[in-house]
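Next come the chains, spelled out residue by residue.
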Amino acid sequence: MAIETLNTQDRGMSALLSNPNSSLRRLMAIIRELLGNPSSGFGLIVITILLLTALVAPLLAPYDPNAVNLGNVLQPPSAAHWFGTDELGRDIMSRIIYGTRISLTIITIVSVIVGPVGLLVGTTAGYFGGWYDTVMMRITDIFLSFPSLILSLAFVAALGAGLENAIIAIGLTAWPPIARLARAETLTFRNADYISASRMQGASSLRIIVKSIVPMCMPSVLVRITLSMATVILTAAGLGFLGLGAQPPLPEWGAMIATGRRYMLDNWWLVAFPGGAILLVSLAFNLLGDGLRDALDPKQH
Amino acid sequence: MKSESFTAFGRQAGTIFVTLVGLLVLTFCIGRMMPVDPVRAIIGEEADQATYEMVAERIGANLPIYQQFFRYVSDLLHGDFGTSIRTGQPVINDILHVMPATIELATFAILFGAGLGIPLGILAAVKRNKPIDHVIRFLTLIGHSMPIFWTGMIGLIIFYAVLDLVGGGGRVSDFYIGMVPETTGFLLIDSLIAGDWEVFWDAVNHLLLPASILGYSSMAYITRMTRSFMLDQLNQEYITTARVKGLSKNRTIWHHAFANIRVQLVTIVALAYGSLLEGAVLIETVFSWPGFGQYITNNMLIGDMNAVMTCVLLVGIIFIALNLLSDALYKIFDPRTR
């Protein structure tokens, strides 16, 4: 039923666009496929809600996330405060709603760092080969030989605690898997006829990489980035929890759990709700990533 | 044939060497980037300029950066990992002291993770797309997506605060601390050696919750990998042949398919064991577990450079070693790779 409606909507959209843009149509087809599967549909919807919430947080949040109300501390969930209040009487639900902005900032900046860096290292290493490839892959291996949280911890310790440095540290640790993937993809079509053809036409290496190789790597890199966002969310929360990421009073979910920890045995809502938000978003990225892989990668079918 | 395997060995040794050097450069850079003045950290804020220069001279803080690096590497080669600024002890002694607590935790976690993960993965593969498969996949997905420190806290709230089934933070209850002499550092073994059953059961009680939560995350990984290895095997023709020949389903699963994924499973479990270090950093903080993970975070928070550099180096070496070990296991047990 729902799919039926979507189908007609899609036809309506195509009719509306008298000059059908093929990439837009492709996108619509992918979204339709994602929504057709309950698990990836759930992922897509949760992430859409996350985006919208971050966008209109001031409209949604019932209270000011930083408004201290010492007459109203550690209140359990109630009609006035759905998720209860924390040790300073701040409304936890409003803080979680504003926290989506921090999560979204982390995700956006990390993807903007990690995607291009991973693609650049991976495609050039795969394309040029030789000693350059060896050096790049050795560097990648060194980064990959650490669990991502411990390496980010080390970088944050070196750079100093704080949200910006946590984002940089996560970015520094998240590119190697993407570089590996982009290199593997590049190797599979480095010697394809169409690459040779454009080389013989006199295209520069830069042009071949940017115009012919990067687009071919994009689908799998996108899937990989989506899946790694689940880890990024967890790492950022972990850093916040350890006191090395976002600092209080920022309503970052991991940092909220860290401050709530002192009161948790008698006031479960201080940690339960922010952690639930982290779990939900991380779960959504995992489901969306799996769904995207099925939708973009014909080999799976 | 012989010289071929010799060059292969040489190439692998070269790779390891380069990776280790890269690792040293990385830890050195992290140490130098830290916003801590190593000289001030030793002499304190009040010391005068002359003392400052003397100490800087002695620890080599005024040398050019590349000479400092060589000094760092040569110290490491002499077994000198630096002195912890906080405890004044050689860092390596501190680490050896806290390691048993983490190994105890991680070992129980991996027993839990592999003990449940492998059977569940096989079950999910055999019952592919049946309800039980969906349930198992959902459980592993949650295991992948949950923030482990949060699960630890929820576990504490439910099983410690509300139900009072398990011990709270720490390795034993406060009044048992120091009751048994430290022989191996492994509390369970030490209390058995001392014959102190009370301490032993108290320690088990404290270990249960953190180990099972840590184990849940590795169970998620092991289950997923087992399922996909098993599916690869079950889709192959020799399984159909075995079934057509009239072998029972159980026999084909355990004697044919499972026999072929054993080596892969061993390597996966080895890697999962190493990854537990990552979860341990968070779980040890939640449960006040005096192990390696807590040691890392405490030193990062106070900026003890020598300790941080050594911990990071150690984690890197552990992971390189585990990767080598899993490669070696493949080569030894799987004749197809020879």
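Residues numbered from 1 in each chain as written. Chains lettered and ligands numbered in written order. Predicted model: local features only at pLDDT ≥ 70, side-chain atom pairs only at ≥ 80, totals over all residues.

### Some details on the overall build of chain B
Here is step 1 of the chain: A count of helical and extended segments in chain B gives 13 helices and zero strands.
Here is step 2 of the chain: When the helices and strands of chain B are read in sequence order from the N terminus, they spell out α-α-α-α-α-α-α-α-α-α-α-α-α.
Here is step 3 of the chain: Every one of the 338 residues in chain B was classed for burial, and the buried ones make up 37%.
Here is step 4 of the chain: The contacts of chain B with a sequence gap of at least 6 include a subset with a gap of at least 24, amounting to 70%. (Helix = DSSP H or I, 4+ residues; strand = E, 2+ residues; numbered from the N terminus. Buried ≥ 20, exposed ≤ 12 C-beta atoms within 10 Å, placed from the backbone. Contact = placed C-beta atoms within 7 Å.)

### Regarding the overall build of chain A
Here is step 1 of the chain: Along chain A, the regular secondary structure elements total twelve helices and zero strands.
Here is step 2 of the chain: Reading chain A from its N end, one meets helices and strands in the order α-α-α-α-α-α-α-α-α-α-α-α.
Here is step 3 of the chain: The principal-axis extent of the C-alpha atoms belonging to chain A is close to 75 × 55 × 30 Å.
Here is step 4 of the chain: Counting over 301 residues, chain A shows a buried share of 44%.
Here is step 5 of the chain: Across chain A, contacts joining residues at least 24 apart in sequence account for 68% of those joining residues at least 6 apart.

### Focus on the nonpolar core
Here is step 1 of the chain: If you look at the biggest cluster of nonpolar residues, it comprises 153 residues, and the most contacted ones within it are L153(A), A154(A), I233(A) and I283(B).
Here is step 2 of the chain: Per-element tally for this core: the top contributor is helix 10 (residues 205-242) of chain A, with 17 residues.
Here is step 3 of the chain: Contact partners of I233(A), with chain neighbours within four places excluded, come to S103(A), I278(A), V281(A), S282(A) and F285(A). (Core = buried A, V, L, I, M, F, W, Y, C linked by C-beta atoms within 7 Å.)

### Let's talk about unusual backbone geometry
All names here are of chain A.
Here is step 1 of the chain: Following P248, the chain continues to P249 via a peptide bond in cis, the omega torsion being 10 degrees.
Here is step 2 of the chain: As for its placement among the helices and strands, P249 is situated in the loop between helix 10 and helix 11 (253-260).
Here is step 3 of the chain: Its identity is not glycine, yet L74 carries a phi of approximately 50 degrees, on the positive side.
Here is step 4 of the chain: Take L74: it is sitting in the loop between helix 4 (57-60) and helix 5 (92-128).

### Comments concerning the interface of chain A and chain B
Here is step 1 of the chain: Between chain A and chain B, the residue contacts involve 37 residues of the former and 37 residues of the latter.
Here is step 2 of the chain: Of all elements in the fold, only helix 6 (130-144), helix 7 (148-159), helix 10 and helix 12 (269-296) of chain A reach the threshold of two or more residues within the side of chain A that touches chain B.
Here is step 3 of the chain: Of the residues assigned to the side of chain A that touches chain B, the class counts are 27 nonpolar, seven polar and three charged. (Nonpolar A, V, L, I, M, F, W, Y, C, P; charged D, E, K, R; others polar.)

### Focus on the environment of I208(A)
Residues and elements named next belong to chain A.
Here is step 1 of the chain: Position of I208 relative to the elements: it lies in helix 10.
Here is step 2 of the chain: C-alpha of I208 to C-alpha of S198: the two residues are ten residues apart in sequence and 7.2 Å apart in space.
Here is step 3 of the chain: Setting aside its immediate chain neighbours within four residues, I208 contacts I195, S198, R199, A203 and I213.

### Some thoughts on helix 7 of chain A
Residues and elements named next belong to chain A.
Here is step 1 of the chain: Taking 1.5 Å per residue, twelve residues should reach 16 Å; helix 7 reaches 16 Å between its end C-alpha atoms and fits that length.
Here is step 2 of the chain: Among the twelve residues that make up helix 7, eleven are buried, leaving the element largely enclosed by the rest of the structure.
Here is step 3 of the chain: Looking only at helix 7, the buried set comprises S148, L149, I150, L151, S152, L153, A154, F155, V156, A157 and A158.
Here is step 4 of the chain: Positive backbone phi, at 105 degrees, marks G160, one or two positions downstream of helix 7. (Expected span 1.5 Å × (residues − 1).)

### Describing the packing of helix 5 (residues 91-126) of chain B against helix 6 (residues 131-145) of chain B
The axes of two packed helices give the description: the angle between them and the distance between them.
Residues and elements named next belong to chain B.
Here is step 1 of the chain: The interhelical angle for the contact between helix 5 and helix 6, taken along N-to-C directions, is 140 degrees, at an axis separation of 8 Å. Relative to helix 6, the element helix 5 is oriented oblique. Where helix 5 crosses over helix 6, the two elements pack in a sense that is left-handed. Within the contact between the two elements, helix 5 uses L120, L123 and A124 and helix 6 uses I132, D133, I136 and R137.
Here is step 2 of the chain: A class-by-class count of the residues in the contact of helix 5 with helix 6 yields five nonpolar, no polar and two charged. (Axes fitted to C-alpha atoms, helices over the stretch in contact; angles between N-to-C directions. Parallel < 35°, antiparallel > 145°, perpendicular 65-115°, else oblique. Left-handed = near helix turned anticlockwise from the far one by under 90°.)

### Brief notes about the packing of helix 5 of chain A against helix 6 of chain A
Residues and elements named next belong to chain A.
Here is step 1 of the chain: In the contact formed by helix 5 and helix 6, the axes pass within 7 Å of each other and the chain directions differ by 145 degrees. In terms of crossing hand, the pair formed by helix 5 and helix 6 is left-handed. Between helix 5 and helix 6, the residues in contact are V121, A125 and F128 and G130, Y132, D133, M136, M137 and T140, respectively.
Here is step 2 of the chain: Of the residues belonging to the contact of helix 5 with helix 6, the class tally is six nonpolar, two polar and one charged.

### Some words on the confidence of the model for chain B
Fine structural detail should not be taken from predicted coordinates in areas where pLDDT scores are low.
Here is step 1 of the chain: Looking at chain B, pLDDT values average 85 and 96% of them are 70 or higher.
Here is step 2 of the chain: If you check the scores for this complex, the pTM reads 0.87 and the ipTM reads 0.85. (pLDDT = per-residue confidence, 0-100.)

### Describing the environment of G84(A)
All names here are of chain A.
Here is step 1 of the chain: Along the chain, G84 turns up in the loop between helix 4 and helix 5.
Here is step 2 of the chain: Using a count of 20 C-beta atoms within 10 Å as the deciding quantity, one classes G84 as buried.
Here is step 3 of the chain: Not counting the four nearest positions on each side in its chain, G84 is found in contact with Q75, P76, P77, I92 and W269.

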